[in-house]
Amino acid sequence: MSSNYVLLTILGCSIVTWIPRILPFLISKRVDFPDWFLRFLSYIPICILTALLFQSILEVQATGFPKVKTLEALSCIPTLLVAIRTKDLMKTVVVGIITIAVLRIFLG
């Protein structure tokens, strides 16, 4: 493979990745959305974070219900308490990372 091919591939992949992430912001600056739509959009971040949370604490089984990962589920308790008390995403993430690290060191 030539270096031009690799460079063009990286550039093309960058553009294809960049367009769907930037284009909605450019369009939304010029459009006034109705209130009901803005309320709907406000739920998207919490839905994404909830999906990521469940993906990390549940393990898919070939048959039956998903299995709960014990350490990950335990680390959710202090993380959730910090999230409710502070409502600060950075503190919540830091507490979650530290909690799972400590649990994996001592119980893993």
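Naming follows an unreviewed UniProt entry, where the protein appears as Branched-chain amino acid ABC transporter of Enterococcus ureilyticus.

As a volume, the largest pocket reaches approximately 800 Å³. Elements supplying a minimum of two residues to the lining of the largest pocket: α3 (44–57), α4 (70–86) and α5 (89–107).

Right, let's get into the side chain of T99. Take T99: it is sitting in helix α5. Accessibility expressed as a relative area gives 14% for T99, which makes it buried. Here V95 takes part through its backbone oxygen, which lies 2.6 Å from a polar atom of the side chain of T99.

To continue, consider the side chain of S75. Secondary-structure assignment places S75 in helix α4. Taking relative accessible area as the criterion, S75 reaches 8% and is therefore assigned buried. One polar contact links the side chain of S75 to the main-chain carbonyl oxygen of E72, over a distance of 2.8 Å. For S75, the contacting residues outside a window of four places in its chain are T99, I100 and L103.

Quick look at the packing of aromatic side chains now. One pass over the structure, following the stated rule, counts 3 aromatic pairs. Measuring from centroid to centroid gives 5.1 Å for F33 and F37, while their planes differ by 45°, and the two rings are tilted. Overall, the relative accessible area of 30% leaves F33 in the partly exposed class.

Here the focus is the domain arrangement of the protein. Each assigned domain of the protein is listed with its residue range as follows: domain 1 (1–31) and domain 2 (34–107). Inter-centroid distance (C-alpha atoms) of domain 1 to domain 2 is 30 Å.

This chain's UniProt record puts "transmembrane region" (unreviewed entry) on residues 6–28, 40–58 and 89–107. Here residues 40–58 runs as 89% helix and 5% strand, with 27 Å between its end C-alpha atoms.

What counts, and where the lines are drawn
Residues numbered from 1 in each chain as written. Predicted model: local features only at pLDDT ≥ 70, side-chain atom pairs only at ≥ 80, totals over all residues. Heavy atoms only, no water. 1 Å grid on protein atoms, 1.4 Å probe; cavity = no way out; pocket = protein on both sides within 12 Å on 5 of 7 lines; lining within 4 Å. Points joined across faces, edges and corners; volume = space filled by probe spheres on them. Helix = DSSP H or I, 4+ residues; strand = E, 2+ residues; numbered from the N terminus. Buried < 20%, exposed > 50% of the residue type's maximum accessible area, 1.4 Å probe, protein only. Polar contact = N/O pair within 3.5 Å; in protein donor to acceptor, adjacent residues only side chain to side chain. Contact = heavy atoms within 4.5 Å. Phe/Tyr/Trp six-rings, centres within 6.5 Å; stacked < 30°, edge-to-face > 60°. Domains from an automatic or database assignment. UniProt positions renumbered as here; feature names shortened; annotations may be inferred.

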